[in-house]
Structure formats: structure tokens, C-alpha cells
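Listed below, chain by chain, are the residues.
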Amino acid sequence: MELRRESFWQERWRSAGLARAEPRHDREKFYSVVAYPGTSGFLHVGHFRGLVYADSLNRFQRMLGKSVFFPTGTHASGLPAVTFAQKVRERDPLTIRQLEDNAVPKTEWPALEEPLAAARFLGRSYLELFGRLGILVDERAYVTTVDDDYQAFIGWQFRRLAARGALVQAPHFSSVCPVCGPVSVDASETDLSEGGDAEKITYRTVPFRLDDGRVLLAATLRPETVYGVTNLWLHPTEPLIVWHHKEVEYLVGGVAAPRLVEQHGGRLGNRVAPEGLFGRSVSVPLTGEKVPVVGSLLVDPRVGTGVVMSVPAHAPADWLAVAALSPELRARLPAIREIVSFPPLEELAASERELLGGTGSPAERALRATGAARLEDEEALEEATQRLYRLEFQRGRMTVHALEGLDVAPARDRVARELATAHAGLDLLEFSKRVVCRNGHEVVIRRVPDQWFVRYGDEEWKSKTRALLSRMSIFPAEYGRELPQVLDWYDDRPCTRRGRWLGTPFPADPSWVIEPIADSTFYPAYYVVRPFVASGKVPLSALSDAFFDRVFLGEGAGEPSLPRELQEEVRAAFTHWYPLDVNIGGKEHKRVHFPVFLYTHALLLPEALQPKALFVHWWVTGGGEKISKKQVSSKGGAIPPIRQAISEYGADALRLFYLTAASPGQDVEWETRVVEAARIRLADVERLVREMRSGGSGAAPELDAWLFSELHEVVRRSREAYAAYQFRDAAELAIGHVPSLVRRYLVRGGAPGPGLERASDLWVRLLSPIAPHLAEELGEGRFDSLVAAQPFPSTDELALDDRAKAAEAYLQQVEDDLQHVLGPSITRGDVPGEVIFYVAAGWKTEVEGWLRELTELRSGTVPVKEVMARAQAHPEVSAFRGEIPRYVQRVAPLLRSESPAPKVDEAHVLRSATGYLLRRFRFTQMSVYAENESEPHDPLGRRERSRPGRPAFYLVPGGAHKP
RNA sequence: GCCGGGGUGGCCGAGUGGCCAAAGGCGGCAGACUCAAGAUCUGCUCUCGCAGGAGUUCCCAGGUUCAAAUCCUGGCCCCGGCACCA
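Residues numbered from 1 in each chain as written. Chains lettered and ligands numbered in written order. Predicted model: local features only at pLDDT ≥ 70, side-chain atom pairs only at ≥ 80, totals over all residues. Heavy atoms only, no water.

A. Inspection of the protein's contact with RNA strand B at higher detail. If you check the shell around RNA strand B, you find 41 residues, and the closest are Ile201, Leu221, Arg412, Gln485 and Ser663. In the interface set of RNA strand B, defined as its atoms within 4 Å of the protein, sugar plus phosphate atoms amount to 62%. Between RNA strand B and the protein, one listed contact pairs a sugar or linking oxygen with a side-chain N or O atom of arginine 728 at 3.0 Å. Between RNA strand B and leucine 955, the relevant distance is 3.0 Å, taken from a base nitrogen to a main-chain nitrogen or oxygen of the residue. Elements that contribute at least two residues to the surface near RNA strand B include exactly α12 (378-395), α15 (477-489), α22 (672-692), α24 (727-747), α27 (802-822) and β33 (952-956). Top contributing element to the surface near RNA strand B by residue count: α22, with six residues. (Near = heavy atom within 4 Å. Polar contact = N/O pair within 3.5 Å; in protein donor to acceptor, adjacent residues only side chain to side chain. Helix = DSSP H or I, 4+ residues; strand = E, 2+ residues; numbered from the N terminus.)

Dropping the structure here:
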């Protein structure tokens, strides 16, 4: 099939209105969505996996006679389009390459420098690409999240959430570029040039008061160790800065000071040289003990507050630093105290035992185990620290009086709380690594005192969501097992941002913009409304809360400016398409989109309208990683742009690749040779179908009966596969299994004719959800409509003929055996001879039947006696008493792992296949005897070998035998 | 550490008690076709055997079973999430 024919068929589907969803109350419906793409740039081959799954499923459902609704939209909210536009403005090389790859004329570039325009443009380009892959989308429902009507919908949704108590305001720490505004720190790095994988770390601060009233503010991740502090460390030369906060003068490092101001307010004061502090005492919070301040190079001024608690018994670095102190200094420190104990050694794992072997403090023992002897042994010291900290947290128990008997983990929380109550409780948040925004500024963490949250942590709401989940089907099942746990840890989520984001203004305070995850939890509902708005039937001005209450909730009298019937029509459309049958998305949605989607539906809709299934698929990867834009290029990049891939391999080949390269719960590596192989498989299918129709006399009725029986099974299994979201199986049946059946039919002497004509028409329909373009091409002129509008094959169409199937299975077994014996000589074209078959005598069937019964009764032993007893009572079998014991000995062990031989007239099957067998194995002659026929030619005594379903045969050397 | 998923032939990847030496694809080998290459077609692709057989395999070690890639126990390793940590 020529690839340009694909666009021809796409046009035909369009003009036939195949994708247009009309509520049909006389039919079942099917409504699915794919998580809509964001607008960070052009789509690549990694984006289409879910869409192809969805389209195949939708096409299947359509062929079942259902009315199908498949809308899409574009998720333009947030920063991606802003960043994209900016990169266009800057003529960023990678972005320019994308524009060129996607054939965007230079004259249009200036328009894309504006974020909204860029978002809309990208969205249209997505829609166009969907079409090119043959994905049927109802474009009348297409919407972007920056459209006015969508924003009216989101406004309603948030007012509804607020009315149900689902929103709350609380302080929050969010990532901000001090110059450019809020940014999102995540792996996609849309807003960043560096540090997308950074995590937020929360240090607890611990105030140590000097006798002059100033406070040295230490930062720690292990506040419970305050009970083991012997001194404070400061960097020997780095100056400190005074931080004035609520009447207190804190002394902190120069890096931490501005961070603390971002997060807690206050103002900065003078610099203070550290020298003046060395040797002075500070008092330890909670214990009141006095400890000295000491200088040490172990302090990294960039981390924490630059004021470090020294806990030598439990921190290897502190132990080393204390050991290095002069004796005079050393003498001023209080005794080193151990504050944590461990379970007895025998209860620990080997690696833990090794760490804690020997004597001395835990820090000392860890140092010994790792071989770290000096602060400069960075690697070993790091290992000692990591392992000890982890072990203390997991297995340690507090021994200090105030916390005695508590495990370390709860002790840590308790001390943190006590410090917060007794003192200011000023946490310090820090990134785990440098984070830099797109424009090169370092990103900071800023306290936002009045952040809006969606209350996903609310227990009542959560349990409603759990209940919804328990009623749903989740594919693949592993994700279903994972989801309850995801809900367990789900907590309140910030839902608004301030800054130059695209999105809907937050209703209660329009200075906030609703953030991108939060505006995409209920959109399948809006798709139903959108066509009414797009067509002008419902004006933008009518999209009031009263309207949405009426349509989605069935509450209230509706929007007064709209005719009542119209609103009821929209309401009816909503209740027709809802509940959503399935939401399809990639694995990146497992912990973000899908949970909030469930939450929102659980809250807003009654049970009957809540979604029915989730389907999650893994990624298409390049080089083992999620495909990045950098890899995608028309000029020799590892991965071609989707446009190029389509024109090179064709939409159907790409679809087949997505459907068959791996099961959904598995990443699949993009490999052009595999896509190429898919293209070739399709070409084979096409050739074969054309051959099937080349006219001819057909085949023997038994062969047709066999083929139809096999196809009957194929149809049944296909339907089961789609129902279970096993797209790979469905595709493999249509593309792999059917051709092998047809080839067998042909090779068995079947010729094109009525049987194959019929089979081909069925096959074409089977292909339609998988390779829809090819199916149309092969179905052209053979149906009363487009193939995509034909009914999916039904098992009723073809009779299941067990006898025909059994006969063919028997013949294949015989062929396998012959093939095995003849081996590669056939390929080599060696001179074959004559073959003589000996079909097993009837008594063998009888005996095997008995054996099957008996072996079930007495496993393990060979029941010769029982068989003989039965044989005595059986006149026909008893005639062969002499042969039975040997036969039973040989066959009994085999039966356990064999299924019963098909019941067929073996001699008849072999004789009817004579021509075929002669041809296939190039025998010169072939004859068939019954084993107990009077005088078959059998010089080697082969006939004794025969078993039911496994005839014995004798390959006459050189074909010398003449009967 | 907790939870979830996994470890299969040269590679990718199906397979969850017996029709499994294990689908399909990729790669490799041989043959057909071709002036040739490519594409295509056919066969082979764990070891031994060359009369349809035998042996050894599905991370490792045990176990259950007449029968284990599949079930159980223990261990090692990998991935994801959470927790923890620097």
C-alpha cells in the first residue's frame, strides 16, 4: 500500500463523520480519554503510545456497534508554553530545529513568541498529528485549558470544591526564581536549566544562646542528637551574619542568612567574625548544658546555617574532629555521651553487624569498619556516616533519660516538636543540589504564607476515593495494587501559583493562578459540553455556575438566559457519555494525575457517574531513558520526528509497533529496525490478502471447515483480548496468527476461491482496529461502508467444526514427526524415498483410554495388572494380550504429560493428504496401512511403534519398494 | 527499612502447574531468487543423537508435586514509590 493512500483514507473517515460522537440512546456508548499533552514543544514518537492504544480500543468498540466519544484537548496551563515562546524569541537552536523539523514556515515564528499563541499553535499541531496516525478524534470537543469557556468551567469547579470544603489556605514553601517568579522543580526541567531532580530538604534549627543573649542557630536533620552535643562547630574563617528575627539576634552563615529571610522574614544585620566566638560557651536547648564553640574545617559554609552541632558519639566526622582538638580544648568539652542503643548483634543483618563490631562509640566503630581515619578520607567517612545514620534511624533506640526507650524515628519527631514549642521552630528548607532557572538565576525556596491547597489529605474524602477505586478496573493489575498505597500517602496539594503562568485565575483571589495539575482533574466532563459551546449553541456568557450545576450535578434550575430544553439536552449528553469508561495515560500519571482525577470524581459525582477504568502504559524510550527533545531530530538524530517517522514507515507500521513491541506495563525502546519489521509484516499481510482473492477453485470442504474453525477461535480470542485491554494479543492474532493459518491453507492445497474470499473479508475487519488504513485499502469496494464502520467479526459468522480441526491437528503432528526424522535434508533437497504409514490398531486407543483413567487413580506406577484385567474382559482387546504389557510400559509414562490424541479417522486423513505430503516431503510414493492389516510391507517392524494419533512410518531407502 | 514490580535462550520480550527446549520480534547461519547487493521466501539457530529420541536449561539454594520457568521457603541482584540521609 502506498503511504500516501493513508491520508486518502483519513480524509474518507473524516468526511464520513466516523469520529463524530452522537449520543444514541438506542445504543451502548463508549467514552474514553487520553491524558491530554502539555505544550512544552512538538510531540515525538514517545507521545503516541497511549493514543494508539486508545484508538484501537475505540475502533473496536465502534465496530461492536457502540457510539464512541473520543475527544482530546491540549493542556496549555503552567509554564511550558511560556518557556517555549521564550525559546522561540531567543531562537534557541534546539527549538529552531524543532520548528524546522515540523515544517513551520519562518513567517510564523514571530507569532510563536507569544505564549498563548504558541500554546494554541502547538495544540493544533498535535491534533493534526493525531489525524496523521489515523487516530479518530471528535474535533468538535477539542479544547485547550487556556480557552475562555474552559476557564469558566474551571472557575465553577473550584467554587464547587470550595463549597464542599475541599480547599484550604496554609503556609507553604515553594520554589521561586527571585527574578523570574515561581518555577516548577521537576525532572522535566521545563522551567529550569539545571537541578530538576533536586529535592527539598528540611533542616530543623536548634538555637544555642550565648551569654550575651545572641543566639547561634545550628541546623540539623537529626534534632534528637541535641542530647549528645559536646560543642558547636563554626568554620574557622567564614564570617557570620546577624539575622534579626522577632526581637532575637541570630548568628548564621552568610549563605543561610538570605534563605532564612526568604522563609521567615526578618532582616539582616552586621557581619560577625568567627574568631570572637571561639571558646565561648553556649547553652544547649532542652538540656541547659553549657558547651564551647570551636572552629573546624569540617564545616561546609554552603550547607545548613554554617553552625553545626557536634555529636561525636554518633557522627563519625565529629568524632574525628574532636579527636584532633588540642588537649586543652578537649578538656573543656563535656564527656562524650552515647544516646542511642542498638539491638544485640545477632539480630542484625551481616552488613549492620560489621558496622557495629568492636568497642567504643557507634561513630568510632563505624569509622573502624569503613577504614576512615581522618577528615580527609572523604569517601570512607561519607560511607561511615551514611551507614551509621541509616542504621540509627532504622534500628536505634534512645537511651537518654528524657526519651528513654523511644525508637529514634519517633524521638526525632518529638524533639523537633519540643524545640518548636520551646523556641521559634524555624525550619530551614534547602535544595539537595543547585537549582538554576532557564535564565540562569539560582532558584530559592520562599515561604508563601497564604498558599491554597486542595485537601487530598482529608480522611473522609480519601475514603470516598478509596471506595471509588475499589469499584474500578485498573490496567495493568500491578498498578491496581499500587494505587491504594498512593492514596494512603496522598496529602494536601498546593493548587495555585503566583506569577506569569498560563491558566485560570483562582476564583476566590484572582491574583493567584490555578496550577496545571489542579485544572485537569475533571476535564472529561467538560469535553461533553464543549461541542455545544464551539457550535455557538451555548454562548460563553451562559457558562455560569447555575449552568454547570444543572449539567453536571443535575442541581438547581439552570442558567436563566438559556432555554431550559437546551440545558436539558446538554445534561442528557453528559449523563449519556458519563461515566467515563476509561482514562488512559502514561506511567508519569500514576502518582499525580490519576489520583487527583479519582478524588475529584469521587467528590463531585454520584456513584453511577463515576469513572469505570484506568489504563496506564509505560513509555517509549530512547537509550533506556524517557525520550528527550535533544534526541529527536530529522538530521541523523537517534529518534526521528513523528512526522518523519510516519512518512518513512507509515501510520499503520507505527501503530503496529506501539501495539506489539511490548506489553503496556513495560518500557519499549524505540528501534527503527523493529518499526521497519512492522512495516514488512504489514506488506506481507497485504500481499497475502490480495493472493487470497486472485480467483480460483477454492479447496476441499474439509479444508474450508478447518480454516473457518480456526478463524472462529481467532475472533473469540480477539474479542476477549480487547475486553481485557490486551492489545498486544489482539494485534498479534490479526497480524501474526491469521497469516500463518492462511499460508497453511494454501500449502495444504487450498486455492483462492470462495473460502478465502470469505476469510479475507473477515480478516480485513479484524485488522481494522490495528492497521486501519491497510484494512480500508484491502476492503475497498467489498463492503457497503468503510471497513471502520463495519461490524467487528462475530463468532457466529463461522462454524466451529471440531472434526475438521482435529484432523488438521493430527496431520500437523504427523508432519512434525516426519520433519523431525528427515531434518534439514528437506531444505537441502536430498533425494527422498517412499513413505509407508501404519496406523495404530484400535486396541491401543482402548488401552490408552484405560491408562488415562488409571494413572489418575494411582500416580507414579505403571498399572500393567489393571490394564490386563480389563483386557481380559474385553473380547476385542484380549486378542492382543501378548502385546499389551510392553505397550503399557512404553506409553504409560508419556501419557501424563500428553493431552489425548484427537479422535480422527487417521487412515482417511493421511490418504486425503497424500498429494500434499508427497509434495511437501518430496516422497516418490506413499501408502497407508492399518497396523493389523494382514501383510503390510514392514521389513524393520516399524508398525509396532504406532500409537493413536502417532502413526508409525517407514521411510523406504531410495524409494525402492514396489507394492 | 516499608510497599509494589521484576531477574526467561546472543539481544528484546511472551509465558504463571502438564500440549514448554519455551510465542513473537531482532540478530546469526544455510538454501531459493539475483550478474551482484538489498528486499522477499524456506529451513535451522541449548547439547548430543540423526527414525519421530535423550540430556541440561528460565538468578542461586532448598522444598511441595506423579509433574515446576510457573507454587512454597531462604538468599542475591535490578527497577519504581515512600521513608530516611548527605
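B. View of the pattern of salt bridges. Evaluation of the coordinates by the stated rule reveals 64 salt bridges. Arginine 14 is the salt-bridge partner of glutamate 139, the closest N and O atoms lying 3.7 Å from each other. A residue pair is termed long-range when its members are at least 10 positions apart, and glutamate 139 in the loop between α5 (115-132) and β4 (143-144) and arginine 14 in helix α1 (residues 4-15) qualify at 125 residues. Here arginine 14 falls in the partly exposed class, since its relative accessible area comes to 47%. The partner of arginine 765 in a salt bridge is glutamate 797, and the shortest N-O contact between them spans 2.7 Å. Of this pair, arginine 765 sits in helix α25 (residues 754-767) while glutamate 797 sits in the loop between α26 (772-779) and α27, placing them 32 residues apart in sequence. What you see here is one network of salt bridges that share partners, running through Arg120, Asp147, Asp149 and Arg530. (Salt bridge = Lys/Arg side-chain N within 4 Å of Asp/Glu carboxyl O. Buried < 20%, exposed > 50% of the residue type's maximum accessible area, 1.4 Å probe, protein only.)

C. Layout of α1. If you check α1, its first and last C-alpha atoms are 17 Å apart, about what 12 residues at 1.5 Å a residue would give, namely 16 Å. The set of residues buried in α1 consists of Glu6, Trp9, Gln10 and Trp13. Along the axis of α1, the buried positions cluster into a sector of 105 degrees, meaning they face one direction only. Exposed residues pointing more than 90 degrees away from the buried face of α1 are listed as Arg4 and Ser15. Where α1 is buried, its residues touch α2 (49-63), α5, α20 (642-649), α21 (651-660) and α26. Count one or two residues on from α1 and you reach glycine 17, which has phi positive near 65 degrees. (Expected span 1.5 Å × (residues − 1). Arc of directions from axis to C-beta. Contact = heavy atoms within 4.5 Å.)

D. Molecular detail of the sheet that holds strand β29 (residues 625-626). Taken together, three strands build an open sheet; the order of strands is β29-β28-β30 and the sheet is mixed. A strand with exactly one partner marks an edge of an open sheet, and here the two such strands are β29 and β30 (668-669). Here strand β28 (residues 620-622) runs beside β30; their pairing, made up of two bridges, is parallel. Bridge pairing in β30 places threonine 621 opposite glutamate 669. (Pairing = 2+ DSSP bridges.)

E. Fine view of the packing of aromatic side chains. For the coordinates displayed, the defined rule picks out 51 aromatic pairs. With centroids separated by 5.9 Å and ring planes inclined at 90 degrees, the aromatic side chains of tyrosine 722 and phenylalanine 792 adopt a geometry described as edge-to-face. Taken together, the residues span a long stretch of sequence, with tyrosine 722 in helix α23 (residues 701-723) and phenylalanine 792 in the loop between α26 and α27 at a distance of 70 residues. By relative accessible area, phenylalanine 792 is classed as buried at 3%. Over the ring of tyrosine 389 we find arginine 222, and its NZ or CZ is 3.5 Å from the ring centre. Over the ring of tyrosine 916 we find arginine 748, and its NZ or CZ is 5.1 Å from the ring centre. (Phe/Tyr/Trp six-rings, centres within 6.5 Å; stacked < 30°, edge-to-face > 60°. Lys NZ or Arg CZ within 6 Å of the ring centre and 35° of its normal.)

F. Up close: the pairing of strand β31 (residues 834-839). The element β31 is extensively covered by neighbouring structure, given that six of its six residues are classed as buried. Burial along β31 is two-sided: Glu834, Ile836 and Tyr838 and Val835, Phe837 and Val839, pointing in opposite directions, are all buried. Across six bridges, β31 lies against strand β32 (residues 925-930) in parallel orientation. Its bridge partner lying in β32, glutamate 834 is registered against glutamine 925. Bridge count for β31 against β33 is five bridges, and the pairing is antiparallel. Pairing of phenylalanine 837 across the sheet is with phenylalanine 953, part of β33.

G. Layout of the sheet that holds strand β21 (residues 444-454). The antiparallel open sheet is built from four strands, whose spatial order is β6-β5-β21-β23. With one partner strand each, in any of the chains shown, β6 (181-182) and β23 (493-494) form the two edges of the open sheet. Sitting on the sheet, helix α7 (residues 256-264) is in contact with β5 (167-177) and β21, with an inclination near 20 degrees to β21. (Axes fitted to C-alpha atoms, helices over the stretch in contact; angles between N-to-C directions.)

H. Region of interest: the nonpolar core. Counting 102 residues, the largest nonpolar core has Phe48 and Trp763 as its most contacted members. The greatest single-element share of this core, amounting to 11 residues, is contributed by α24. Not counting the four nearest positions on each side in its chain, tryptophan 763 is found in contact with Val685, Leu688, Val689, Met692, Ala734, Val738, Pro739 and Val742. Counting 73 residues, the second largest nonpolar core, distinct from the first, contains Phe69, Tyr526, Ala542 and Tyr599. (Core = buried A, V, L, I, M, F, W, Y, C linked by side-chain atoms within 4.5 Å.)

I. Structural view of the domain arrangement of chain A. Domain annotation for chain A reports domain 1 (200-343 + 400-431) and domain 2 (806-959). The gap between the C-alpha centroids of domain 1 and domain 2 is 88 Å. (Domains from an automatic or database assignment.)

J. The packing of α22 against α24, seen in detail. Between α22 and α24, the least distance of the axes is 10 Å, while the angle of their chain directions is 40 degrees. Considered as vectors, α22 and α24 are oriented oblique to each other. Where α22 crosses over α24, the handedness of that crossing is left-handed. Of the residues in α24, those touching α22 at Arg681, Leu682, Asp684, Val685, Leu688, Glu691 and Met692 are Glu732, Ile735, Gly736, Pro739, Val742, Arg743 and Leu746. (Parallel < 35°, antiparallel > 145°, perpendicular 65-115°, else oblique. Left-handed = near helix turned anticlockwise from the far one by under 90°.)

K. Region of interest: the layout of surface pockets. The calculated volume of the second largest pocket comes to roughly 1,900 Å³. Tyr203, Leu221, Asp300, Val303 and Glu382 are, among the 50 residues lining the second largest pocket, the residues nearest its centre. Only β8 (200-210), β9 (215-220), α7, β16 (307-310), α8 (316-323), α12, β19 (428-431) and β21 provide two or more residues apiece to the lining of the second largest pocket. Broken down by element, the residue count for the lining of the second largest pocket peaks at nine residues, all from α12. Looking at the lining of the second largest pocket, its residues break down into 24 nonpolar, nine polar and 17 charged. (1 Å grid on protein atoms, 1.4 Å probe; cavity = no way out; pocket = protein on both sides within 12 Å on 5 of 7 lines; lining within 4 Å. Points joined across faces, edges and corners; volume = space filled by probe spheres on them. Nonpolar A, V, L, I, M, F, W, Y, C, P; charged D, E, K, R; others polar.)

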